[in-house]
Amino acid sequence: MKLIGIGFGNLVAAERVISIVSPESAPIKRMIQEVRERGELIDASFGRSTRSVLVLDNGYLVLSALTPETLSPRFGEQSEEESTKEHD
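Parameters and conventions
- Residues numbered from 1 in each chain as written.
- Predicted model: local features only at pLDDT ≥ 70, side-chain atom pairs only at ≥ 80, totals over all residues.
- Heavy atoms only, no water.
- Helix = DSSP H or I, 4+ residues; strand = E, 2+ residues; numbered from the N terminus.
- Buried < 20%, exposed > 50% of the residue type's maximum accessible area, 1.4 Å probe, protein only.
- Contact = heavy atoms within 4.5 Å.
- Areas by Shrake-Rupley, 256 points an atom, 1.4 Å probe, with all protein chains shown as cover.
- Patch = residues over 30% accessible without salt bridge, like charges linked within 9 Å, V, L, I, M, F, W, Y side chains within 5 Å.
- Salt bridge = Lys/Arg side-chain N within 4 Å of Asp/Glu carboxyl O.
- Core = buried A, V, L, I, M, F, W, Y, C linked by side-chain atoms within 4.5 Å.
- Pairing = 2+ DSSP bridges.
- Axes fitted to C-alpha atoms, helices over the stretch in contact; angles between N-to-C directions.

A.B. asks: So what about the overall build of the protein? Which residues, and what values?
C.D. replies: A tally of regular secondary structure across the protein gives three helices and six strands. Its helices and strands in sequence order give the protein the pattern β-β-β-α-β-β-β-α-α, from N to C terminus. Buried residues in the protein amount to 30% of all 88 residues. Long-range contacts, defined as pairs at least 24 residues apart, comprise 49% of the intrachain contacts of the protein with a sequence gap of at least 6. In the form shown here, the protein has an accessible surface area of approximately 5,700 Å², with 51% of it arising from carbon and sulfur atoms.

Written out as structure tokens, the structure reads:
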């Protein structure tokens, strides 16, 4: 399992993340509110402004203070060992 840092020492399992989106649009704001009401929201922004929302495959949302542009390269990184295994 590959864990990715999403800021302030928090980690998320890379395999569980479906998408990373900006929280600015009205549909995403509604989604955040609905998930909060269901008790399936994880706020990892430590009180800072939310700059990205990670959508997980189990319906949970994770709020992060890092931008999607900052987070996306972290999900694309692979160690040499992982890339070698894929080509075997």
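A.B. asks: I'd like a description of a nonpolar patch on the surface, backed by residues and values.
C.D. replies: Taken together, the side chains of Met1, Leu3 and Leu11 present a nonpolar region at the surface, about 380 Å² in accessible area. The topology assignment puts methionine 1 in the segment before β1 (3–7).

A.B. asks: With reference to specific residues and values, describe the nonpolar core.
C.D. replies: Here is a general trend for soluble globular proteins: nonpolar side chains tend to be buried in one another's company. Counting residues in each nonpolar core, the largest one holds ten residues, listed as Ile4, Ile6, Val12, Ala14, Val17, Ala44, Leu54, Leu56, Val62 and Leu71. Of all the secondary structure elements, the ones that give two or more residues to this core are β1 and β5 (52–56). For valine 62, the contacting residues outside a window of four places in its chain are Ile6, Ile42, Ala44, Ser52, Val53, Leu54 and Leu56. The next biggest cluster of nonpolar side chains, apart from the first, holds eight residues, and it includes Leu41, Val53, Leu61 and Leu63.

A.B. asks: Describe the pattern of salt bridges, with residues and values.
C.D. replies: In this structure the tally under the stated criterion is two salt bridges. For the salt bridge of aspartate 57 with arginine 16, the shortest nitrogen-to-oxygen distance reads 2.6 Å. With aspartate 57 in the loop between β5 and β6 (61–64) and arginine 16 in the loop between β2 (10–13) and β3 (17–21), the pair connects residues that are 41 residues apart, well separated along the chain.

A.B. asks: I'd like a description of the sheet that holds β6, backed by residues and values.
C.D. replies: A sheet is described by the order of its strands in space; here four strands give the open sequence β3-β5-β6-β4, paired in mixed fashion. Both outer strands of the open sheet, β3 and β4 (41–43), are each paired with one neighbouring strand and no more. Sheet twist, expressed as the mean angle between neighbouring strand axes with direction ignored, is 20 degrees. As paired elements, β5 and β6 share four bridges and run antiparallel to each other. Note on β6: the bridge partner recorded for leucine 54 is valine 62. Relative to the sheet, helix α1 (residues 26–38) contacts β3, β4, β5 and β6, its axis offset from that of β6 by approximately 115 degrees. Of the strands in this sheet, β3, β5 and β6 are in contact with helix α2 (residues 68–76), which crosses β3 at around 150 degrees.

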